[in-house]
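Summary of the model geometry
Here is what each chain is made of, one letter per residue.
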Amino acid sequence: ALNGCPMPAGGWLLANPKPTTNDLFAVDFADAANGWAVGAFGEVLRSSDGGTTWTRQNAGTLGDLFTVSFANPQLGWAGGYDPDTNAAVVVHTRN
């Protein structure tokens, strides 16, 4: 589920329940095709077809990611909190 997202008038349509069962907390699209969703346990999903399909990416953390922002399809950041280390988490990609 995308926690905190408003419910659209017609409701959400579950288009593809895989590849995750983890909660997702944020989504950002760099353009009409390229988007990322982040969530619990370091979950990062990427779409290159406008959200029709999603693939898992390795964030290098098991901390919960609550925010994501991409400047373009190659340059992005995600942030959150790791309860195991009691510390903030920021991950970055250039590809």
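Residues numbered from 1 in each chain as written. Predicted model: local features only at pLDDT ≥ 70, side-chain atom pairs only at ≥ 80, totals over all residues. Heavy atoms only, no water.

1. Digging into the overall build of the chain
Worth spelling out the cut-off: Starting at the N terminus, helices and strands are each numbered in turn, a helix being any DSSP run of H or I of at least four residues and a strand any DSSP run of E of at least two. In this scheme, a residue with accessible area under 20% of its type's maximum is buried, one over 50% is exposed, and one in between is partly exposed, where area comes from a 1.4 Å probe on protein chains only. Note on contacts: a residue pair is in contact if any heavy atoms of the two residues lie within 4.5 Å. All accessible-area figures derive from a Shrake-Rupley calculation using a 1.4 Å probe, and residue coverage is judged against the displayed protein chains alone.
A tally of helices and strands in the chain yields 0 helices and 7 strands. Taken from N to C terminus, the helices and strands of the chain fall in the order β-β-β-β-β-β-β. In the chain, which comprises 95 residues, the share counted as buried stands at 31%. Sequence separation of at least 24 residues holds for 26% of the intrachain contacts in the chain that already meet a minimum separation of 6. With the model as given, the accessible surface of the chain reaches about 5900 Å², and the carbon-plus-sulfur share is 55%.

2. Digging into the sheet that holds strand β7 (residues 87-93)
Using the following cut-off: Should DSSP find at least two bridges between two strands, the strands are taken to pair. The axes used here are C-alpha line fits, helices contributing only the stretch in contact, and every angle between their N-to-C directions lies in the interval 0 to 180 degrees.
Sheet architecture is open: 3 strands sit in the order β5-β6-β7, paired in antiparallel fashion. Each having just a single partner strand, β5 (64-72) and β7 make up the two edges of the open sheet. Strand-to-strand twist of the sheet, defined as the mean angle between neighbouring strand axes without regard to direction, takes the value 15°. Direction of pairing for β5 relative to strand β6 (residues 75-82): antiparallel, over a ladder of 7 bridges. Each bridged residue has a counterpart across the sheet, and for valine 68 the counterpart in β6 is alanine 78.

3. As for the nonpolar core
Quick note on the threshold: Only buried residues count toward a nonpolar core. Its members are Ala, Val, Leu, Ile, Met, Phe, Trp, Tyr and Cys residues joined through side-chain atoms within 4.5 Å.
Counting residues in each nonpolar core, the largest one holds 11 residues, listed as Ala26, Trp36, Val38, Val44, Ala59, Leu65, Val68, Phe70, Ala78, Val89 and Val91. Once you skip the residues sitting within four places of it in the chain, valine 38 turns out to touch Leu24, Phe25, Ala26, Glu43, Val44, Leu65, Phe66, Thr67, Val68 and Ala78.

4. Regarding the pattern of salt bridges
Using the following cut-off: For salt bridges, the criterion is a side-chain nitrogen of Lys or Arg within 4 Å of an Asp or Glu carboxyl oxygen.
The tally for this structure, following the rule as stated, stands at 1 salt bridge. Here arginine 56 and glutamate 43 are joined by a salt bridge, their closest N and O atoms 2.8 Å apart. With arginine 56 in strand β4 (residues 55-57) and glutamate 43 in the loop between β2 (35-39) and β3 (44-47), this residue pair connects regions lying 13 residues apart in the sequence.

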